[in-house]
Amino acid sequence: MATTLPWHETSRDVRVELARSIDKDRLKELHRVSGWRHAALVLRQLVVLAAAVFVVLRFGDVWWAWIPASVVIGFVIFSATVLLHEVVHRTIFESHASRWNDVLGLVYGVVGGLAPAQFTRWHLDHHDWLGTADKDPKRHHLTPKVVKRWYKALYLTPVLFPIYFRAAAREASTYEPALRGRIRRERLVTTAFHLGVLATLALTLGWEAAAKLHAIPVFLVFPVAFTVNRLGQHYDVDPADPAGWGTLMNRSPWWWDRIFLCSNYHLEHHYFPRVPCYRLPALRRELEPFLASHGLRPRTYGGLLADWFVRNRTPHTDWAA
């Protein structure tokens, strides 16, 4: 799949075919953004978070209650990175220039443990250079270069954090000084926020409650959510067809759409980056004939995990080969 050309050149024929595959009025409707729909999504996450916190506080001595609740908290924290992703692609407000984009970007980035400026540049470069081995920062710096099970397993542990931040720092070294300075400031704010939350919980509720409400969700659950989600992005691909340079996931049972806020429709997102996340399932239904014409096979997370760890597949290759 490795190319040296930007995505807008390698995908020219694919984008023409995509434009013809969906009715123009329907495509316009799928691109319609709604601040209220986004707000409802955020409110749902807050309700889920509140319910999980209540379970931990009320049943903290019952392992079969607090462990699932801590897992839920971890996935809610991870979902903040998906909400930040919506900010990056300007799919929240009708006005792309809304100043609220920057406010929400900072909030979502801080909660999700990311510097919004770094994630924005990193992610847009990923879109622009999809298919390249050295200019797509996610592939160049973050994808495991050691194709061994023990090394891949590190991504499911707290070791993910130094891996990610080292990758981000390597890419950031190529940025202009002003952007690097902004990234450093945002990262300090993010770090201070999470340390402050952990300390506040420990001082008010005790270290055990702090671990269940923050440390375990952040350091143990978040890496699993991040890695499983990333497996469904660009690891099992068709190197010969730019239409298949992302992993096609099975039409989701109701829980994956809610757990990952529809970020499991990652290939569809690359086709139409300005479609808001809550319309991606509908976009997928419209794309079924196109996907079938390219012979793209849907995957499940269970199947991807088996290929990744049991069969020890190499990333960015066709795992059916």
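Residues numbered from 1 in each chain as written. Predicted model: local features only at pLDDT ≥ 70, side-chain atom pairs only at ≥ 80, totals over all residues. Heavy atoms only, no water.

Trainee: Describe the overall build of the protein chain, listing the residues and the values that go with them.
Mentor: A count of helices and strands for the protein chain gives 16 helices and 0 strands. Over its C-alpha atoms the protein chain spans a radius of gyration of 20 Å, differing by no more than 12% from the 20 Å that the globule rule assigns to 321 residues. The C-alpha extent of the protein chain, read off along each of the three principal axes, is 60 × 45 × 45 Å. Looking at the protein chain as a whole, 51% of its 321 residues qualify as buried. (Helix = DSSP H or I, 4+ residues; strand = E, 2+ residues; numbered from the N terminus. Rg over C-alpha atoms; globule rule 2.2 N^0.38 Å. Buried < 20%, exposed > 50% of the residue type's maximum accessible area, 1.4 Å probe, protein only.)

Trainee: If you had to explain the pattern of salt bridges to someone new, which residues and values would you point to?
Mentor: Going through the model one piece at a time under the given rule, you end up with 13 salt bridges. Here Asp-125 and Arg-121 are joined by a salt bridge, their closest N and O atoms 3.3 Å apart. Of this pair, Asp-125 and Arg-121 both sit in helix α7 (residues 116–128), separated by 4 residues, roughly a single helical turn. Look at Asp-125 and you get buried, because its relative accessible area is 15%. Assessed through its relative accessible area of 27%, Arg-121 is described here as partly exposed. (Salt bridge = Lys/Arg side-chain N within 4 Å of Asp/Glu carboxyl O.)

Trainee: Tell me about the nonpolar core, and name the residues and values.
Mentor: Of all hydrophobic cores here, the largest spans 78 residues; its most connected members are Tyr-271 and Phe-272. Residue contributions to this core peak at 10 residues, all from helix α5 (residues 63–88). When neighbours within four sequence positions are excluded, Phe-272 is seen to be in contact with Leu-18, Ile-22, Leu-27, His-31, Leu-283 and Leu-287. (Core = buried A, V, L, I, M, F, W, Y, C linked by side-chain atoms within 4.5 Å. Contact = heavy atoms within 4.5 Å.)

Trainee: Outline a nonpolar patch on the surface, supporting the account with residue identities and numerical values.
Mentor: On the surface, Trp-100, Val-103, Val-107, Val-111 and Phe-193 cluster together to form a nonpolar patch covering roughly 440 Å² of accessible area. The residue Val-111 is located in helix α6 (residues 100–112) in this model. (Patch = residues over 30% accessible without salt bridge, like charges linked within 9 Å, V, L, I, M, F, W, Y side chains within 5 Å. Areas by Shrake-Rupley, 256 points an atom, 1.4 Å probe, with all protein chains shown as cover.)

Trainee: An account of the side chain of Ser-79 is requested, with residue identities and associated values reported.
Mentor: Along the chain, Ser-79 falls in helix α5. A polar contact is formed between the side chain of Ser-79 and the side chain of Gln-45, at a distance of 3.0 Å. Discounting chain neighbours no more than four positions away, the residues touching Ser-79 are Gln-45 and Leu-261. (Polar contact = N/O pair within 3.5 Å; in protein donor to acceptor, adjacent residues only side chain to side chain.)

Trainee: Which residues make up the packing of helix α12 (residues 207–234) against helix α16 (residues 301–310), and what values do they have?
Mentor: At a closest axis distance of 10 Å, the pairing of α12 and α16 adopts a crossing angle of 90 degrees. Classified by the interaxial angle, the pair formed by α12 and α16 is roughly perpendicular. Two secondary-structure elements touch here, α12 through Val-228, Asn-229, Leu-231 and Gly-232 and α16 through Tyr-301, Leu-304, Leu-305 and Trp-308. Of the residues contributing to the contact of α12 with α16, the split by class is 6 nonpolar, 2 polar and no charged. (Axes fitted to C-alpha atoms, helices over the stretch in contact; angles between N-to-C directions. Parallel < 35°, antiparallel > 145°, perpendicular 65-115°, else oblique. Nonpolar A, V, L, I, M, F, W, Y, C, P; charged D, E, K, R; others polar.)

Trainee: Give me the packing of aromatic side chains: which residues, what numbers.
Mentor: Evaluation of the coordinates by the stated rule reveals 18 aromatic pairs. Relative to Trp-245, the ring of Trp-7 has its centre 6.1 Å away and its plane inclined at 50 degrees; by these criteria the two rings are tilted. Of this pair, Trp-7 sits in helix α1 (residues 7–10) while Trp-245 sits in the loop between α12 and α13 (254–259), placing them 238 residues apart in sequence. For the pair Trp-7 and Trp-245, a shared accessibility class is recorded, and that class is buried. Seen from their ring centres, Tyr-164 and Phe-165 are 5.8 Å apart, and the 85 degrees between their planes marks the pair as edge-to-face. One aromatic cluster is present, built from ring pairs that chain together Phe-75, Phe-78, Trp-122, Phe-161, Tyr-164, Phe-165, Phe-219, Phe-222, Phe-226, Trp-256, Phe-260 and Tyr-301. If you follow Lys-152 out to its NZ or CZ, it ends over the ring of Trp-308, 3.8 Å from the centre. The ring of Trp-66 has Lys-212 sitting right over it, with the charged end atom 4.7 Å from the ring centre. (Phe/Tyr/Trp six-rings, centres within 6.5 Å; stacked < 30°, edge-to-face > 60°. Lys NZ or Arg CZ within 6 Å of the ring centre and 35° of its normal.)

Trainee: Can you tell me about the confidence of the model for the protein chain, naming the residues and giving the values?
Mentor: Residue-level pLDDT values for the protein chain average 95, and 99% of them are 70 or greater. The secondary-structure element of the protein chain with the lowest mean pLDDT is α13, recorded at 89, while α5 shows the highest, at 98. (pLDDT = per-residue confidence, 0-100.)

Trainee: Please give an account of the state of the cysteines that cites residues and values.
Mentor: Within the structure shown, the criterion is met by 0 disulfides. Among the cysteines around Cys-262, which has no disulfide bond, Cys-277 carries the closest sulfur, lying 5.8 Å off. On the basis of relative accessibility, which here comes to 10%, the residue Cys-262 falls in the buried class. Of the residues examined, Cys-277 reaches a relative accessible area of 3% and is grouped as buried. (Disulfide = S-S within 2.5 Å.)

Trainee: Pulling in residues and values, what's your account of the packing of α5 against α12?
Mentor: At a minimum axis distance of 7 Å, the contact between α5 and α12 shows a crossing angle of 60 degrees. As far as their axial angle goes, α12 and α5 are oblique. Here α5 and α12 pass one another in a crossing that is right-handed. Here Trp-66, Ser-70, Val-71, Ile-73, Gly-74, Phe-75, Ile-77, Phe-78 and Thr-81 of α5 come into contact with α12, specifically with Lys-212, Leu-213, Ile-216, Pro-217, Val-218, Val-221, Phe-222, Ala-225, Phe-226 and Asn-229. (Left-handed = near helix turned anticlockwise from the far one by under 90°.)

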